Amino acid sequence: MSSPMRSFGVAIVAVAAGLVAKNFLVEKEADHAVGVSSEGREFLLAFGSCVHHDRRPWRVFDTIAESQADVFIFMGDLIYPDWGNTSHGLDDLSQLKKGEYASLLNRLYTEAFEDSSLSNLMASDTTRSYFMWDDHELQDNYDMGTETEIYAVAREAFDKHVAFRNPPPLREGELFYTLKDEDHGFSAFVLDTRSHRSPLSMPDTMGSGKSMLGIVQLQELKNWMSSLSPETWKVIVSSVMWNDYGEEALEDGEPYLDGWARYEIERQNIFDYIKSENIDNVLLLSADAHWSGVFYFEEEELYEFSVSPLASPPLEPPLVRTGAVLFQQKGREGVFGRLAFAPAGVNVTFQLLATKQGENQEVAEELYRVQISSTVQTRS
């Protein structure tokens, strides 16, 4: 009986902001949808989150379209009903009547998909776009489960405007789904981190049952990882940060993020499963923070690529000085991530890209790059 053994080779090249601008306006190749990629060509996955209505037109989507991505995953916060004048000045959207709240959500989704840059990306022959929600599609830092009126109204609006654009969920009635491209050894599990999460204030201790995913989704995630070959790159897409450094991001002296650092027991459950089952080639994606970074979980040998915002006010990252933080991008709007999977899954390259207005066209400026090569060996 044999078991896989993991070894990573990493080459890191940091590119200072403003020094390199890459023009991706090149002749487009044939359709390269998931599972239909051309032999000998990289598979390109773009991702990002957070667009404010007052930032339209969202030119960053033009840059993504021209970057030749095969797939774009929007990771949440497509609308902000609790932002500015959209919420009638209310801090708590539950104060709105049900019909008022539904009307507000429907209007914001309609306006979002009428954005010329987003609609052009979605009509692209080369890029397929998929979506997931985060808190602002419901309410800031939403953690009240599926039984509230807010959830029911928000879910109905999300299903009507967004969810039907995604692949079928792994379980009927759920939102989480998977993507794959077998030619390049790529598969992604797009998590729903809102529907089933326990209250943020709940103690995060052994036996408390605090969860971000819920029992069903957690088991589906594990089943998915175990079903794939060791060589396959397994990309776990979370709308919120996996790392602990978001806890250092403060507003009025309090942490403003509600990521996995507040659900550490379940996160460790996932990481322990990866380690105990010898699951190779796992990559973590995240967004939400309005600043970007690359992080490394040394014990588990896991990389996290966190990217935001696409088109909303940027925030400053916390001043963290540790080897586990490979890179942090100071406040920059119009950023997105791109993963390039080499044929046969030989390696994957992450780029942090930002839109930059050129003289006649949108260009992508490279802010950071890292390449990860994986060799799955076998030992008796």
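Residues numbered from 1 in each chain as written. Predicted model: local features only at pLDDT ≥ 70, side-chain atom pairs only at ≥ 80, totals over all residues. Heavy atoms only, no water.

Visitor: Sorry, what's going on with the overall build of the protein chain here?
Guide: Tallying secondary structure elements over the protein chain gives six helices and 17 strands in all. Each of the 380 residues in the protein chain was classed as buried or not, and the buried ones make up 56%. In the protein chain, the share of contacts with a sequence separation of at least 24, taken over all contacts with a separation of at least 6, comes to 71%. Surface accessibility of the protein chain: about 15900 Å² in total, with carbon and sulfur atoms responsible for 48%. (Helix = DSSP H or I, 4+ residues; strand = E, 2+ residues; numbered from the N terminus. Buried < 20%, exposed > 50% of the residue type's maximum accessible area, 1.4 Å probe, protein only. Contact = heavy atoms within 4.5 Å. Areas by Shrake-Rupley, 256 points an atom, 1.4 Å probe, with all protein chains shown as cover.)

Visitor: Before we go on, may I ask you to explain the sheet that holds strand β14 (residues 325-329) in this structure?
Guide: Sheets are built from strands that pair by backbone hydrogen bonding, the pairs being arranged parallel or antiparallel. Strand order in the open sheet formed by seven strands is β6-β7-β8-β11-β13-β12-β14, with mixed pairing between adjacent strands. The sheet terminates laterally at β6 (177-181) and β14, the two strands that pair on one side only. Across the sheet, the mean angle from the axis of one strand to that of its neighbour is 15 degrees, orientation sign disregarded. In the sheet, strand β12 (residues 292-297) pairs with β14 via four bridges, with the strands oriented antiparallel. (Pairing = 2+ DSSP bridges. Axes fitted to C-alpha atoms, helices over the stretch in contact; angles between N-to-C directions.)

Visitor: How should I be thinking about unusual backbone geometry in this particular structure?
Guide: Comment: phi is negative for the bulk of residues other than glycine, and the bulk of peptide bonds are trans. With an omega of 0 degrees, the peptide bond running from Arg 56 to Pro 57 counts as cis. With respect to the helices, strands and loops of the structure, Pro 57 is situated in the loop between β3 (43-48) and α1 (60-66). With omega at 5 degrees, the peptide bond leading from Ser 308 into Pro 309 counts as cis. Relative to the helices and strands, Pro 309 is located in the loop between β13 (302-306) and β14. The residue Asn 278 is not glycine, and still its phi comes out positive at about 55 degrees. Examined against the element boundaries, Asn 278 turns out to sit in the loop between α6 (264-276) and β11 (282-286). Positioned with a positive phi, Asn 281 is a non-glycine residue whose angle comes to about 60 degrees. Tracing the backbone shows Asn 281 in the loop between α6 and β11.

Visitor: What's the story with the pairing of β12 in this structure? I'm lost.
Guide: On a regular strand, each side chain points to the face opposite its neighbour's, so the side chains alternate between the two faces of the sheet. Along β12, five of the six residues are buried, which leaves the element largely enclosed by surrounding structure. Taken together, the five bridges between β12 and β13 define a ladder with antiparallel strand orientation. Counted as the bridge partner of Gly 293 is Ser 306 from β13. The turn joining β12 and β13, which pair antiparallel and follow one another in sequence, is formed by four residues; a positive phi near 55 degrees is taken by Glu 301.

Visitor: Is there a simple way to think about the packing of aromatic side chains in this case?
Guide: Aromatic rings considered in pairs are described by the distance between their centres and by the relative angle of their planes. One pass over the structure, following the stated rule, counts 22 aromatic pairs. Consider the rings of Phe 61 and Phe 72, whose centres lie 5.9 Å apart with planes at 75 degrees: the pair is edge-to-face. With Phe 61 in helix α1 and Phe 72 in strand β4 (residues 71-74), the pair connects residues that are 11 residues apart, well separated along the chain. Across the pair, Phe 72 and Phe 61 agree in class, each one buried. Ring geometry for Phe 186 against Phe 341: centres 4.9 Å apart, planes inclined by 50 degrees, an arrangement best described as tilted. (Phe/Tyr/Trp six-rings, centres within 6.5 Å; stacked < 30°, edge-to-face > 60°.)

Visitor: Teacher, can you tell me more about α6 here?
Guide: An α-helical turn contains 3.6 residues, so any two residues separated by three or four positions project in the same direction. For α6, with 13 residues, the first-to-last C-alpha span of 18 Å sits near the 18 Å given by 1.5 Å per residue. When we look at burial in α6, the residues that qualify are Glu 266, Arg 267, Ile 270, Phe 271, Tyr 273 and Ile 274. Along the axis of α6, the buried positions cluster into a sector of 155 degrees, meaning they face one direction only. Of the residues one or two after α6, Asn 278 is the one with positive phi, at around 55 degrees. (Expected span 1.5 Å × (residues − 1). Arc of directions from axis to C-beta.)

Visitor: In this structure, what is going on with empty space enclosed by the protein? I would like to understand it.
Guide: The rolling of a water-molecule-sized probe over the atoms marks out the regions of remaining empty space. Taken as a whole and judged by the stated rule, the model has two cavities of 30 Å³ or more. By volume, the second largest cavity amounts to about 50 Å³. For the second largest cavity, the full set of lining residues is Val 51, His 52, His 53, Arg 56, Trp 58, Leu 78, Ile 79, Tyr 80, Leu 108 and Ala 112. A class-by-class count of the residues in the lining of the second largest cavity yields seven nonpolar, two polar and one charged. (1 Å grid on protein atoms, 1.4 Å probe; cavity = no way out; pocket = protein on both sides within 12 Å on 5 of 7 lines; lining within 4 Å. Points joined across faces, edges and corners; volume = space filled by probe spheres on them. Nonpolar A, V, L, I, M, F, W, Y, C, P; charged D, E, K, R; others polar.)

Visitor: Can you walk me through the nonpolar core in this structure?
Guide: As a rule of thumb, nonpolar side chains are buried together in soluble globular proteins. Ranked by internal contacts, the top residues of the largest apolar core, which has 74 residues, are Phe 61, Leu 78, Phe 305, Leu 339 and Phe 350. For this core, the leading source of residues is helix α2 (residues 98-114), giving seven residues. Phe 189, Leu 191, Leu 218 and Ile 274 belong to the second-largest nonpolar core, a separate cluster that totals 23 residues. (Core = buried A, V, L, I, M, F, W, Y, C linked by side-chain atoms within 4.5 Å.)

Visitor: Before we go on, may I ask you to explain the side chain of His 290 in this structure?
Guide: Turning to its location among the elements, His 290 is positioned in the loop between β11 and β12. Sequence-distant contacts of His 290, defined by excluding residues within four places in its chain, comprise Cys 50, His 52, Tyr 80, Ser 308, Pro 309, Ser 312, Pro 313, Pro 314 and Leu 315.

Visitor: Got a minute to help me understand the confidence of the model for the protein chain in this structure?
Guide: Note that predicted coordinates carrying low pLDDT should not be read in detail. Overall, the prediction assigns the protein chain a mean pLDDT of 85, with 82% of residues at 70 or greater. Low pLDDT, under 50, characterises residues 1-33; the predicted model gives this stretch 102 contacts beyond four residues in sequence or across chains. (pLDDT = per-residue confidence, 0-100.)

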